[in-house]
Amino acid sequence: MKIQGWMFLLCGVFFAAADVVYWFWSKEPTGTTAMAISVGLALMIGYYLLFTARRIGDQPEDNKEAEISDGAGEIGFYSPHSWWPLFVCLSAALTFFGFAVGMWLFFLGVFCTLMSMIGFVFQYYRGNFSH
């Protein structure tokens, strides 16, 4: 993870330099803002990867002598039967559609998004799948 973190940080620095050159060359605010957002996103991802790598220790991809089989094993738990991501996406789409159509639909979408996110987070604390 350290390599990926440093790569994202270097991309952020490159995007920042390109953003400054683009601003002085074109004086166009829209592209400059988009590139500035790219700088922020690259730096944010790089910081997160470096912070996580420091917390969890060395990974097989950080070791130059590692084999492919060193990265085998369980990565994490992913719910195979959950419908909640679909409801989160539909309610988020309703929220953004409501932002364009009317505030009443926007607030309804925000409410649906919050309820579906709560359902998504707490799906394994109720019912047949609680632990």
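Residues numbered from 1 in each chain as written. Predicted model: local features only at pLDDT ≥ 70, side-chain atom pairs only at ≥ 80, totals over all residues. Heavy atoms only, no water.

K.L.:
Give a detailed account of the packing of helix H3 (residues 84-101) against helix H4 (residues 103-121), specifying residues and quantitative values.
P.N.:
At a minimum axis separation of 7 Å, H3 and H4 run at an interaxial angle of 165°. In terms of their interaxial angle, H3 and H4 are classed as roughly antiparallel. Here the hand of the crossing between H3 and H4 comes out left-handed. Residues belonging to the contact of H3 with H4 are distributed by class as follows: 18 nonpolar, seven polar and no charged. (Axes fitted to C-alpha atoms, helices over the stretch in contact; angles between N-to-C directions. Helix = DSSP H or I, 4+ residues; strand = E, 2+ residues; numbered from the N terminus. Parallel < 35°, antiparallel > 145°, perpendicular 65-115°, else oblique. Left-handed = near helix turned anticlockwise from the far one by under 90°. Nonpolar A, V, L, I, M, F, W, Y, C, P; charged D, E, K, R; others polar.)

K.L.:
Can you explain the UniProt feature "transmembrane region" (unreviewed entry) in the protein? Please cite residues and give values.
P.N.:
As recorded in UniProt, the feature "transmembrane region" (unreviewed entry) lies at residues 7-25, 31-50, 83-100 and 106-125. In residues 7-25, helix accounts for 100% and strand for 0%; the two terminal C-alpha atoms are 27 Å from one another. As annotated, residues 106-125 has a helix share of 80% and a strand share of 0%, and its two end C-alpha atoms lie 29 Å apart. (UniProt positions renumbered as here; feature names shortened; annotations may be inferred.)

K.L.:
How would you summarise the packing of aromatic side chains if you had to cite specific residues and measurements?
P.N.:
Evaluated as defined, the whole model comprises six aromatic pairs. Seen in terms of ring centroids, Phe-14 and Phe-15 are 6.1 Å apart; in terms of plane orientation they differ by 55°. Their pairing is tilted. Relative accessible area serves as the criterion here: at 30%, Phe-15 is assigned to the partly exposed category. Aromatic ring contacts, followed pair by pair, group Phe-99, Phe-106 and Phe-107 into a single cluster. (Phe/Tyr/Trp six-rings, centres within 6.5 Å; stacked < 30°, edge-to-face > 60°. Buried < 20%, exposed > 50% of the residue type's maximum accessible area, 1.4 Å probe, protein only.)

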